[in-house]
Structures are given as C-alpha cells and as structure tokens.
Amino acid sequence: MHKTSDPEAALTWAELPAVITAYLSAHEARDTETAVRAFAVDAVVTDEGHTYRGREEIRAWLTNSGSRYTYSTDFVGAHRIGAAQFDVLQHLEGNFPGGSADLHYRFTLAGTSIIRLTIEP
C-alpha cells in the first residue's frame, strides 16, 4: 500500500508539486521568465559548484546555462526526501562534454515557491 506520508516515497511526474513541474518544463523550453517566477525572491541555486542568490542571479544563470549547450531532458524519477524537499532525477542528452548525464535536482519549497535548488550528479 502506498502511503503519501512516507518521507522517502517515490513520486510520479503528476505527483510532484506544481511549482517543480512548472519550473522543469519552463527550463526545458528555455522559458527563462516562467522558470524564474517559480523561485522565491531570496531563493538560492547551486549548480556546477557555483551558487546564485536571488532572482536576478538565478535569471542570469538560467540565461547563460541555457545558451551554452543544446540538450534534451527526460524525467527518470522523483522522491520526497523531507516535508518540503524533493529529489528529481533527470537524464540529459546533448552537445555538452560527455554527451549525457543523470542529474539530481534537489528542491526545497516554501509554500508554492522554490527556495533552494541544488543540481548535482
């Protein structure tokens, strides 16, 4: 029996919070403004060892990271890892070094906003 209160419960795409699926869909579509709106004003993103604080730095990161390479993403799976934390595994294929990667997008939410996102292998 699947219990939704299980802190380590596997989740389908449809079971993820709307703000996460909205962000991931906007990011894949290179829709920077929609992606930025998913974040709280004081949100923090860590990607490739760099930390971006606040919407302006996050906007710049999204704009720059999206323009360096062409790639597609596929949802692999997700888990709830805390009351407001989610780990989404995405498979990327593209023209970046190595050509493919499985990356964890670790989200922390506050209400309907992303307050923290860490992207790592």
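Owing to the predicted nature of the structure, the values given are computational and were not obtained by experimental measurement. (Residues numbered from 1 in each chain as written. Predicted model: local features only at pLDDT ≥ 70, side-chain atom pairs only at ≥ 80, totals over all residues. Heavy atoms only, no water.)

## A word on the nonpolar core
Inclusion rule: Only buried residues count toward a nonpolar core, which is a set of Ala, Val, Leu, Ile, Met, Phe, Trp, Tyr and Cys residues joined through side-chain atoms within 4.5 Å. Note on exposure labels: buried denotes an accessible area under 20% of the residue type's maximum, exposed denotes more than 50%, and partly exposed covers the range between, all computed with a 1.4 Å probe on protein chains only. Each helix is a run of DSSP H or I of at least 4 residues and each strand a run of E of at least 2, with the numbering of both proceeding from the N terminus. In this analysis, two residues are considered to be in contact whenever any of their non-hydrogen atoms come within 4.5 Å of each other.
Of all hydrophobic cores here, the largest spans 31 residues; its most connected members are Ile 20, Tyr 23, Trp 61, Tyr 105, Phe 107, Ile 114 and Leu 117. Top contributing element to this core by residue count: helix H1 (residues 18-28), with five residues. Leave out the neighbours within four places in its chain, and Phe 107 touches Ile 20, Tyr 23, Leu 24, Ala 84, Gln 85, Phe 86, Val 88, Ile 114, Arg 116 and Leu 117.

## Notes on H1
All buried positions along H1 are accounted for by Val 19, Ile 20, Thr 21, Tyr 23, Leu 24, Ala 26 and His 27. Looking one or two residues beyond H1, the residue adopting positive phi is Arg 30, at roughly 60°.

## So, the pattern of salt bridges
Here the idea is simple: oppositely charged side chains can pair when their charged atoms come close. Operational definition: We count a salt bridge whenever a side-chain nitrogen from Lys or Arg sits within 4 Å of a carboxyl oxygen from Asp or Glu.
Applying the stated rule across the entire model yields four salt bridges. For Glu 33, the salt bridge identified is with Arg 59, shortest N-O distance 2.8 Å. Taken together, the positions of Glu 33 in helix H2 (residues 32-37) and Arg 59 in helix H3 (residues 54-68) put the pair 26 residues apart, joining distant regions of the chain. Close ionic contact of Asp 87 with Arg 106 constitutes a salt bridge, the shortest N to O distance being 3.6 Å. Taken as a pair, Asp 87 in strand E5 (residues 85-94) and Arg 106 in strand E6 (residues 100-110) lie far apart in primary sequence, 19 residues in all. Residues participating in the shared-partner salt-bridge network are Glu 33, Glu 56 and Arg 59.

## Describing the layout of surface pockets
The probe, sized like a water molecule, is rolled over the atoms to show the empty space still left. Just so we agree on the cut-off: Here a cavity is any set of points on a 1 Å grid over the protein atoms alone where a 1.4 Å probe fits but cannot get out, and a pocket is any open set with protein on both sides within 12 Å along at least 5 of 7 lines; a residue lines the site when it has an atom within 4 Å of a point. Grid points are joined across faces, edges and corners, and a volume is the space filled by probe spheres set on the points. Here the term charged refers only to Asp, Glu, Lys and Arg, the term nonpolar to Ala, Val, Leu, Ile, Met, Phe, Trp, Tyr, Cys and Pro, and the term polar to all other amino acids, Gly among them.
Considering only enclosed or pocket space, the largest pocket measures out at about 380 Å³ in volume. In terms of lining, the largest pocket is formed by 17 residues, of which the most central are Asp 47, Glu 48, Leu 92, Phe 96 and Leu 103. When residues of the lining of the largest pocket are traced back to their parent elements, those giving at least two are H3, E6 and strand E7 (113-120). Among the residues forming the lining of the largest pocket, the class breakdown is eleven nonpolar, two polar and four charged.

## Regarding a negative patch on the surface
Put simply, the test is: Only residues whose relative accessible area exceeds 30% and that form no salt bridge enter a patch; like-charged residues are grouped when within 9 Å of one another, and nonpolar side chains (Val, Leu, Ile, Met, Phe, Trp, Tyr) when within 5 Å. Only the protein chains shown count as cover for residues, with accessible areas throughout obtained via the Shrake-Rupley method and a probe of 1.4 Å. His residues and chain termini do not enter the charge count, which takes Lys and Arg as positive and Asp and Glu as negative. In plain terms, the charge of a residue is placed at NZ if it is Lys, CZ if Arg, CG if Asp and CD if Glu.
Together, Glu 28, Asp 74, Glu 93 and Asp 102 make up a negatively charged patch on the protein surface. Tracing the chain through its elements places Asp 102 in strand E6. According to the relative accessible area criterion, Asp 102 is partly exposed, its value standing at 43%.

## Section: the sheet that holds E6
Here is the rule: The pairing criterion is simple: DSSP has to find at least two bridges between the two strands. Only the contacting stretch of a helix is used when fitting its axis, a line to C-alpha atoms as for every element, and angles between N-to-C directions run 0 to 180 degrees.
With mixed pairing, the seven strands of this open sheet are ordered in space as E1-E4-E5-E6-E7-E2-E3. With partners counted over all chains shown, the strands left at the sheet margins are strand E1 (10-11) and strand E3 (50-53), one partner each. Bridge analysis of E5 against E6 gives nine bridges, and the strand direction is antiparallel. Bridge pairing links Asp 87 to Arg 106 in E6. Sheet contacts for H1: strand E2 (39-47), strand E4 (71-80), E5, E6 and E7; angle to E6, the most-contacted strand, approximately 140°.

## Focus: the side chain of Asp 47
Mapped onto the fold, Asp 47 is located in strand E2. Excluding anything up to four places from it in sequence, Asp 47 contacts Tyr 52, Trp 61 and Ile 119.

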